[in-house]
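Geometric and topological summary
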Amino acid sequence: MITRRRTLGLLAAGTLPVLAACGPNAAGGSGGSGGSGEDGGAVRIYWWGGDLRNGLTRDALDLFSSVAHDDISVSPEYSEWTGYWDKLATQFAGGDAPDVLQMDEAYIDSYGTRNSLLDLETVTDLLDLSAMDEAVLDTGRLADGTLVGAPLGVGIFSVGVNPEILEQAGLDMPDDTSWTWDDFAEITGAVSDWAKEADEDIIGFDFFGTSAAELGAWARQSGEQLFPREDETLISKDTIVAYLEYALALVESGAVVGPSEQIEDFAAGVEQGRFGTSRAAFHLQFHTQVQTFQKSTGAPLQLLRLPARTSGDPQMVNKASMYWSIAAGSKAVDSAATLVDFLLRDPEAAKILKIERGVTSFPELQDEIATVLDDDEMVSLDFARDMQAEVVRPPLVTPASGVGFGDELSRLGEESLFGNRPPADVAGEILSVLEGMQPEG
């Protein structure tokens, strides 16, 4: 949390430099990296992730340098998530940004609106995104339409389920085409009741009530948004109250453990938490994360649609899992664009990278990737393909003014879960925080 807060402070203080000397998001500003492909140096690329992502990315970069473009040298830089944003903010502030960088939904507007990221539509001769799903591509645009991020793939907020636990509890797999949050509370409560009687260290559902992804889905299913467009409606206090009261009801029924245990479970991490150790039947996640859970549990996990506030209307959306961006001040723009194009569109690179960063939004590459995926990995790909017939318009990316909302919601949601303040009181403050974070104009 200290690392994240320091990064948020840099963003809020406006210490990220305005790099574009030649106009908004144009190339060749003063704050780019010293390296360049055209100038005889290396293209620097920086990303975050776990060991698996690190290894796969380096393998794809080796393919780029040794086979596809041996005239362009690549200098890789890698970090865990916790240190990534501090280092990136420092690099930009010091005029030493990487040429190519991995960008997240929560920060892309913060960097993009400060003209730190290149307008990718200025390099379409080298970076061809025309075959990408347009709705997904648009998630990499700023409010003014400038494309500053090329989505690597999609992640769909969904429900992971361990069918082995349901079988032990004598429960059927729910019908996710029609289930509601009330149905979800019933089945998770039933798992917990069975586990208590059987003296098993298992819970129905691991944690709920403090996540911006949860509240965003709850709002969307209510016809509202956390950060609405002009033709959309801001989430209401009543909707937030309903969300907080539902979270409390899950705890009171025993469907979810108490708030202290929820916090401990979240802090334990993906592989060591309850769902990752087969001690919870259900877990909310972006769908490609199921691969990690499959490996840690060894169980045949499945993916389900979100429960809905109104039966049959889960309002599933494609979220860009993350983006490749190019620093506006890069002196190696052509080489950087060539590298990004390769990582996104080359069939052999796609087979190396698979779906670890999300399911690609280039349909023709999905068929290529399918030839090298195992049964567990196909769970993610098949789910994404199935959902494309029903996904709705994705929400706006988090605006620069709203970067800290997730932390604020976590803090306030915990106050409600612990019973320190009534849901209506907490909901009023959450709404006030959101209203203060809405972008101007």
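The structure under discussion appears in the preceding block.
Residues numbered from 1 in each chain as written. Predicted model: local features only at pLDDT ≥ 70, side-chain atom pairs only at ≥ 80, totals over all residues. Heavy atoms only, no water.

For the second largest pocket, the calculated volume is near 560 Å³. Every residue lining the second largest pocket is counted, 22 residues in all, and those nearest its centre are Leu142, Ala143, Pro228, Arg229 and Leu396. When its residues are assigned to classes, the lining of the second largest pocket shows 11 nonpolar, 4 polar and 7 charged. (1 Å grid on protein atoms, 1.4 Å probe; cavity = no way out; pocket = protein on both sides within 12 Å on 5 of 7 lines; lining within 4 Å. Points joined across faces, edges and corners; volume = space filled by probe spheres on them. Nonpolar A, V, L, I, M, F, W, Y, C, P; charged D, E, K, R; others polar.)

Take the packing of helix H11 (residues 290–297) against helix H15 (residues 375–387) next. Two numbers describe how H11 lies on H15: the axes approach to 9 Å, and their chain directions differ by 155°. The orientation of H11 with respect to H15, classified from their angle, is roughly antiparallel. Every pair of crossing elements has a handedness; the one defined by H11 and H15 is right-handed. Each of Val290, Gln291 and Gln294 in H11 lies in contact with H15, whose residues at this interface are Asp376, Glu377, Val379 and Ser380. (Axes fitted to C-alpha atoms, helices over the stretch in contact; angles between N-to-C directions. Helix = DSSP H or I, 4+ residues; strand = E, 2+ residues; numbered from the N terminus. Parallel < 35°, antiparallel > 145°, perpendicular 65-115°, else oblique. Left-handed = near helix turned anticlockwise from the far one by under 90°. Contact = heavy atoms within 4.5 Å.)

To continue, consider empty space enclosed by the protein. Inspection of the entire model under this criterion finds 1 cavity of 30 Å³ or more. Put simply, the largest cavity is a space of about 200 Å³. Forming the boundary of the largest cavity are 20 residues, of which Leu152, Leu343, Leu353, Lys354 and Thr360 lie nearest the centre. When contributions to the lining of the largest cavity are tallied by element, the ones reaching two or more residues are helix H12 (333–345), helix H13 (347–353) and helix H14 (363–370). Top element by residues in the lining of the largest cavity is H12. It accounts for 4 residues.

The next subject is the nonpolar core. Formed by 131 residues in total, the largest nonpolar core has its most connected members in Met103, Phe208, Phe282 and Phe405. Ranked by the residues each element gives to this core, the list is headed by helix H9 (residues 237–253), at 9 residues. (Core = buried A, V, L, I, M, F, W, Y, C linked by side-chain atoms within 4.5 Å. Buried < 20%, exposed > 50% of the residue type's maximum accessible area, 1.4 Å probe, protein only.)

Taken in spatial order, the 4 strands make up an open sheet running E7-E8-E6-E9, and their pairing is mixed. Two strands in the sheet have a free side with no partner beyond their single neighbour: strand E7 (203–205) and strand E9 (302–304). When the angles between neighbouring strand axes are averaged without regard to direction, this sheet yields 30°. Bridge count between strand E6 (residues 157–161) and E9: 3 bridges; the pairing is antiparallel. Bridged to Val161 within E9 is Gln302. (Pairing = 2+ DSSP bridges.)

What follows covers the pairing of E6. Among the 5 residues of E6, 5 are classified as buried, and the element is accordingly described as predominantly covered. Where E6 and strand E8 (residues 280–286) come together, 5 bridges link them in antiparallel fashion. By the bridge assignment for E8, Phe157 is matched with Phe286.

The next point concerns the sheet that holds strand E1 (residues 43–48). Judged by pairing direction, the sheet is mixed, and its 5 strands sit side by side in the order E2-E1-E3-E11-E4 without closing on themselves. Each edge of the open sheet is held by one strand with a lone partner, namely strand E2 (74–79) and strand E4 (150–151). Both E1 and strand E3 (residues 100–103) contribute to a ladder of 2 bridges, which runs parallel. Paired with Tyr46 across the bridge in E3 is Leu101. Packed onto the sheet, helix H3 (residues 81–93) meets E1, E2 and E3 and runs at close to 145° relative to E1.

Keep in mind these numbers describe shape, not what the thing actually does.
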